[in-house]
Amino acid sequence: MSITNNAQLAKEVGKYLYSHGVPEAFADYLKARRWFRRKSETIKNIIFRDYAVLSEDPIEILTLIEIYYENFHSEVYYFPIMVQTKSIMPEKFETILEISVDDNYVSLYDAFSDIRFCSGLLKLIRQRKQVKSLCGVFSFYPMDILKQGQYDVPEEKIKLLSTEQSNTSIMYGKSLIMKNFRSIEYGLNPDFEITHFLTKQTELKNVPALMGYIEYQNQDKLIATAAVLQEYITNKGDCWNYTLIQLEQILRTAMRNICIYKDDQIKQIIKDFSKDFISESFRLGEITGAFHKALTTNLDDDSFKAENVSNEDIDSWMCFMVTSADAILDKINKNLSSYSPEVQERALEILSKKSILIALLKNIENLRSCQQKKIRIHGDYHLGQVLKTENDFVILDFEGEPIRTLEERRAKLLPHKDIAGMLRSFNYAKCTCLYELPGIAEEELNILKKWADFWEEFVCEAFLEGYLSVMRDEFDDINTFNSVLEAFMIDKAIYELDYEINNRPDWLKIPVAYLKTVVT
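The paragraphs below set out a description of the structure included in this document. Keep in mind that this is a model prediction, so the values were computed, not measured.

Calculation criteria
Residues numbered from 1 in each chain as written. Predicted model: local features only at pLDDT ≥ 70, side-chain atom pairs only at ≥ 80, totals over all residues. Heavy atoms only, no water. Helix = DSSP H or I, 4+ residues; strand = E, 2+ residues; numbered from the N terminus. Rg over C-alpha atoms; globule rule 2.2 N^0.38 Å. Buried < 20%, exposed > 50% of the residue type's maximum accessible area, 1.4 Å probe, protein only. Contact = heavy atoms within 4.5 Å. Areas by Shrake-Rupley, 256 points an atom, 1.4 Å probe, with all protein chains shown as cover. Lys, Arg positive; Asp, Glu negative; His and termini not counted. Charge placed at Lys NZ, Arg CZ, Asp CG, Glu CD. Pairing = 2+ DSSP bridges. Axes fitted to C-alpha atoms, helices over the stretch in contact; angles between N-to-C directions. Phe/Tyr/Trp six-rings, centres within 6.5 Å; stacked < 30°, edge-to-face > 60°. Lys NZ or Arg CZ within 6 Å of the ring centre and 35° of its normal. Polar contact = N/O pair within 3.5 Å; in protein donor to acceptor, adjacent residues only side chain to side chain. 1 Å grid on protein atoms, 1.4 Å probe; cavity = no way out; pocket = protein on both sides within 12 Å on 5 of 7 lines; lining within 4 Å. Points joined across faces, edges and corners; volume = space filled by probe spheres on them. Nonpolar A, V, L, I, M, F, W, Y, C, P; charged D, E, K, R; others polar. Salt bridge = Lys/Arg side-chain N within 4 Å of Asp/Glu carboxyl O.

**Some points on the overall build of the protein chain**
Move 1: Regarding its fold elements, the protein chain presents 15 helices and 18 strands.
Move 2: In terms of overall dimensions, the protein chain is globule-like: its C-alpha atoms have a radius of gyration of 25 Å, near the 24 Å expected for 520 residues.
Move 3: Referenced to the eigenvectors of the C-alpha coordinate spread, the extents of the protein chain come out at roughly 80 × 55 × 50 Å.
Move 4: Burial analysis of the protein chain (520 residues in total) assigns 54% to the buried set.
Move 5: Within the protein chain, contacts between residues separated by at least 24 positions form 70% of all contacts whose residues are at least 6 apart in sequence.
Move 6: Of the accessible surface of the protein chain, which amounts to about 23900 Å², a share of 47% is contributed by carbon and sulfur atoms.
Move 7: Computed over 62 positive and 79 negative side-chain charges, the inter-centroid distance for the protein chain is 1 Å.

Below, the structure is given as structure tokens:
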């Protein structure tokens, strides 16, 4: 067959991808992407599971790829591509694959790198379009507020954000932002579900409103969320970077006062120079409490209604924590020789006192003697999931921990998990600042660590005070609250061990350092 136009070429490219395997180079490309989750796994095979021709000029194809691993189950990724003949492939786009379709040599590249594609997605949402694929359908839905017509954004004001993590985000001027989920699962995506609930059912202002979304439905009527479109919140950046800047200023003050050794003097200086940030930490705690309260406001929605914690819940959570700790610490032990001497030394002490960690994890049994509610939560709460605005904070990204299953991420849990996540994030910020200070002698570094420890103590206290000022009535006994919170902090740090092994081995020293303080 002779291909004479783009419509034929688009269909033939789709058929080719669906019926052919992919070269090893494609696996290398995927592993180099920030959004690819399983970098430490060996890829056995990659299959294009479905495709839909979105546009013929330029050629845009929505695809789903399934990736099979040697030691892990398969995953499905949302992977839009654009097609261009090799002879006119623009240099600014990175070729992913080159294929021959009926003697037509074409290059494929990531559609998100082309603003024309990004612009088209917004138009399709506004128009409530449905695009049939070979095995299903892609549907584009606007919320009512988007249909009012005040969000026309020209292409020159559309920007692909460079701060890629597990998703690909597109900014539409200063009004909208679209988060495209690269790894997708069938079922209700918690980021979509929680944002939809808070937008439609509550008055909470410290989360972005949902403006639209993209869904994929396969031939078995199973639905996966491919993207969410949200209002863009003008901000000063995320709280992770904001916190690092604040702490760096404190530590530079410490370096100018390195001769001060008395704890009371250090504490006073820390309080004086951190006064504003401590107040902001209190406010962040208030907002976190308000967020948790908002998630329980609709008593008619079973997915969000608060429920009493049962003995079965406690048994399940404790079993999960202990089993995870055993497995992850065993992984640390098996790979001990590959870590730095500092990490090896601390890890050995943790491993030798694992029974202490297990006993502390079992503190959640204290819940048996009090009344406690389980609720929907953020699930992966840390400083990077919060934006700093001019005078406040906005909470983002409700997907939950990326390595958890969809069922686990949608489950009702204790709010302690979110609190522990934020407290651990403050610890990460402290450690990051200390590690990145240039040219500091060991003696001076030990003094600076004391300054940073006091900073972490004050900030975490303020966050908890702010949180409890909103949520105190939800906790039957403050001593139980504290003991259960410690269990969740340990559980979070053990999760961090596993995450850093797979993604950032150089950061393994941070959770290892924290767990060492727990067992000593």
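Here the narrative resumes, following the displayed structure.
**Remarks on the sheet that holds strand β9 (residues 158-160)**
Move 1: Taking strand neighbours across the sheet as the criterion, the seven strands line up as β7-β8-β13-β14-β11-β10-β9 in an open arrangement whose pairing is antiparallel. The open sheet has two edge strands, β7 (130-132) and β9, and neither has a second partner. Taken pair by pair, the neighbouring strands of this sheet meet at an average axis angle of 15 degrees, ignoring direction.

**Quick look at the environment of F426**
Move 1: Along the chain, F426 turns up in helix α12 (residues 416-436).
Move 2: Along the chain, F426 and W455 lie 29 residues apart, while their C-alpha atoms are 9.6 Å from each other.
Move 3: With residues near it in sequence (within four places) discarded, F426 still touches T243, F277, S281, L383, W455, V459, C460 and F463.

**Examining the packing of aromatic side chains**
Move 1: Enumeration according to the criterion identifies 29 aromatic pairs in this entry.
Move 2: Centroid distance F36 to Y69: 6.5 Å. Interplanar angle 40 degrees. Geometry classified as tilted. Here the residue F36 occupies a position in the loop between α2 (24-31) and β1 (43-56), and Y69 occupies one in strand β2 (residues 59-69), the gap between them amounting to 33 residues.
Move 3: For F36, a relative accessible area of 1% corresponds to the buried category.
Move 4: When the ring of F426 is compared with that of F463, the centres are 6.2 Å apart and the planes differ by 70 degrees; the resulting orientation is edge-to-face. Of the two residues, F426 sits in helix α12 while F463 sits in helix α13 (residues 442-471), which places them 37 residues apart along the sequence.
Move 5: Residue class for F463 comes out buried when judged on its relative accessible area of 0%.
Move 6: In textbook terms, an aromatic cluster arises when at least three aromatic residues are bridged by ring pairs, as seen for F26, Y29, W35, F36, F48, Y69, F72, Y77 and F79.
Move 7: Directly above the aromatic system of F304 lies the positively charged group of R376, at a separation of 4.9 Å from the ring centroid.
Move 8: In this structure, K388 packs its charged tip against the face of F393, placed 5.3 Å from the ring centre.

**A few points about the side chain of Q385**
Move 1: Examined against the element boundaries, Q385 turns out to sit in the loop between β16 (373-374) and β17 (386-388).
Move 2: A polar atom in the side chain of Q385 sits 3.3 Å from the backbone oxygen of D380.

**Observations regarding empty space enclosed by the protein**
Move 1: This structure, assessed with the given rule, holds five cavities of 30 Å³ or more.
Move 2: If you trace the largest cavity, you find 13 residues lining it, with G379, E401, K417, G421 and K492 closest to the centre.
Move 3: Here the lining of the largest cavity is composed, by residue class, of four nonpolar, two polar and seven charged.

**Considerations on the environment of L423**
Move 1: In this fold, L423 is placed in helix α12.
Move 2: A residue is classified by how much of its surface remains accessible, and L423, at 5% relative accessible area, is buried.
Move 3: Along the chain, L423 and N446 lie 23 residues apart, while their C-alpha atoms are 22 Å from each other.
Move 4: Discounting chain neighbours no more than four positions away, the residues touching L423 are E456, C460, F463, L464, L485 and M489.

**Considerations on the pattern of salt bridges**
Move 1: For the structure shown, the criterion picks out 40 salt bridges.
Move 2: With its nearest N and O atoms 2.4 Å apart, the salt bridge here joins D191 to K179. Placement of D191 in helix α4 (residues 190-201) and of K179 in strand β11 (residues 176-181) is noted, with a sequence separation of 12 residues between them.
Move 3: Residue E185 pairs with R409 through a salt bridge whose shortest N-O separation is 2.1 Å. Of this pair, E185 sits in the loop between β12 (183-184) and α4 while R409 sits in helix α11 (residues 406-410), and the two are 224 residues apart along the sequence.
Move 4: For E185, a relative accessible area of 31% corresponds to the partly exposed category.
Move 5: Connected through salt bridges with shared partners, the residues D380, E401, R404, K417 and K492 form a single ionic network.

**Concerning the environment of P142**
Move 1: Positionally, P142 belongs in strand β8 (residues 136-142).
Move 2: Judged by its relative accessible area of 5%, P142 falls in the buried class.
Move 3: For P142, the contacting residues outside a window of four places in its chain are I125, R126, R128, K147, M211 and G212.

**Here's the deal with unusual backbone geometry**
Move 1: For the peptide bond that leads from D57 to P58, omega is 0 degrees, which places it in the cis range.
Move 2: When you line up the elements, P58 lands in the loop between β1 and β2.
Move 3: A positive phi angle, near 50 degrees, is found at R128, a position not held by glycine.
Move 4: In this fold, R128 is placed in the loop between α3 (115-126) and β7.

**A few points about the layout of surface pockets**
Over the atoms, a rolled probe matching the size of one water molecule traces out where space is still vacant.
Move 1: In this structure, the second largest pocket spans a volume of roughly 820 Å³.
Move 2: Lining of the second largest pocket is provided by 27 residues; of these, N427, K430, K449, D453 and E456 occupy positions nearest its centre.
Move 3: Within the residue set of the lining of the second largest pocket, elements represented by two or more residues are α9 (341-352), α12, α13 and α15 (509-519).
Move 4: Considering every element that reaches the lining of the second largest pocket, the biggest residue donor is α13, with 10 residues.

**A short note on the pairing of strand β5 (residues 95-101)**
Successive side chains on a regular strand alternate, one facing one side of the sheet and the next facing the other.
Move 1: Strand direction decides the pairing type here: β5 and strand β6 (residues 104-110), joined by six bridges, are antiparallel. Residue pairing across strands places L97 opposite L108, the latter belonging to β6.

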